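# Residue-level structural notes
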Amino acid sequence: MELIEKLNDLLANYQVFYQNTRGFHWNIKGEKFFELHVKFEELYTDLQLKIDEIAERVLTLGGVPLHSFNDYLNNSEVKAVQNVTDGSKCIQSILDSFKILLEKQRAILNVSAEADDEGTNAMASDYIREQEKQVWMYSSWLNK
Ligand SMILES: [Fe+2]
């Protein structure tokens, strides 16, 4: 039960992050347009795959995945971002969102390890590994 709640909370955060990233893909301006427009598409495509996996994990565990914009906005710690056109600001927002996701996934991993839920364990640890690498790359882009 606790895992279903935590996965639904994670799902809400992914959905808002996903939509923010689509906004960055559309609204980015400046000389890095071509580079970042493509990079943000790559990111939201990956987020979309994970969104589906998380929702289907909720179903697999016997829950109902959150599926309305209202539920996502009411449950997400990642806040909806509007009208950002600057590349560095987009990337800072992406890094802030990854930080939230990583914390939530580490908390899920603790619960799923205790519950011997190997499926959720494997999913959370894959996401953590991939996103830690993303954090390194986006931070490098920002020269941080
Ligand atoms: Fe596009």
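Rules used in this analysis
Residues numbered from 1 in each chain as written. Predicted model: local features only at pLDDT ≥ 70, side-chain atom pairs only at ≥ 80, totals over all residues. Heavy atoms only, no water. Salt bridge = Lys/Arg side-chain N within 4 Å of Asp/Glu carboxyl O. Helix = DSSP H or I, 4+ residues; strand = E, 2+ residues; numbered from the N terminus. Buried < 20%, exposed > 50% of the residue type's maximum accessible area, 1.4 Å probe, protein only. Expected span 1.5 Å × (residues − 1). Contact = heavy atoms within 4.5 Å. Core = buried A, V, L, I, M, F, W, Y, C linked by side-chain atoms within 4.5 Å.

The subject of this paragraph is the pattern of salt bridges. It is possible for side chains of opposite charge to pair when their charged atoms get near one another. This model, assessed by the stated rule, comprises nine salt bridges. Put simply, D46 and K50 hold a salt bridge, and the shortest N to O gap is 3.0 Å. Of this pair, D46 and K50 both sit in helix α2 (residues 33-60), four residues apart, roughly one helical turn. Take D46: its relative accessible area is 28%, and that puts it in the partly exposed class. Residues E77 and K104 are paired through a salt bridge, measuring 3.3 Å at the closest nitrogen-oxygen approach. Of this pair, E77 sits in the loop between α3 (69-75) and α4 (87-114) while K104 sits in helix α4, placing them 27 residues apart in sequence. Take E77: its relative accessible area is 44%, and that puts it in the partly exposed class. The network of salt bridges with shared partners includes D9, E77 and K104.

The first and last C-alpha atoms of α2 sit 40 Å apart over 28 residues, in line with the 40 Å expected at 1.5 Å per residue. For α2, every residue scored as buried is listed here: L36, F40, L43, Y44, L47, K50, I51, I54, A55, R57 and V58. Packing partners of the buried residues in α2 comprise α1 (2-27), α4 and α5 (118-141). Where α2 ends, the next residue or the one after it, G62, has phi of about 95°, a positive value.

Looking now at the nonpolar core. Counting residues in hydrophobic clusters, the biggest one holds 39 residues, and the most contacted among them are Y14, F17, F40, I54 and I94. The set of elements that each furnish at least two residues to this core consists of α1, α2, α4 and α5. Examining the composition of this core, we find that 11 residues originate from one element, α1, more than from any other. In this structure, Y14 is in contact with L47, K50, I51, I54, L101, Q105, Y127 and Q131, ignoring residues within four places of it in sequence.

In this structure, N83 takes a positive phi of about 60° despite not being glycine. Examined against the element boundaries, N83 turns out to sit in the loop between α3 and α4. Residue class for N83 comes out exposed when judged on its relative accessible area of 69%. Located in the positive-phi region is D116, a residue other than glycine, with phi close to 55°. Here D116 is to be found in the loop between α4 and α5. Assessed through its relative accessible area of 72%, D116 is described here as exposed.

Moving on, we get to the environment of L95. On the secondary structure map, L95 appears in helix α4. Distance in space between the C-alpha atoms of L95 and M137 is 10.0 Å, their sequence separation being 42 residues. Setting aside its immediate chain neighbours within four residues, L95 contacts V135, Y138, S139 and L142.

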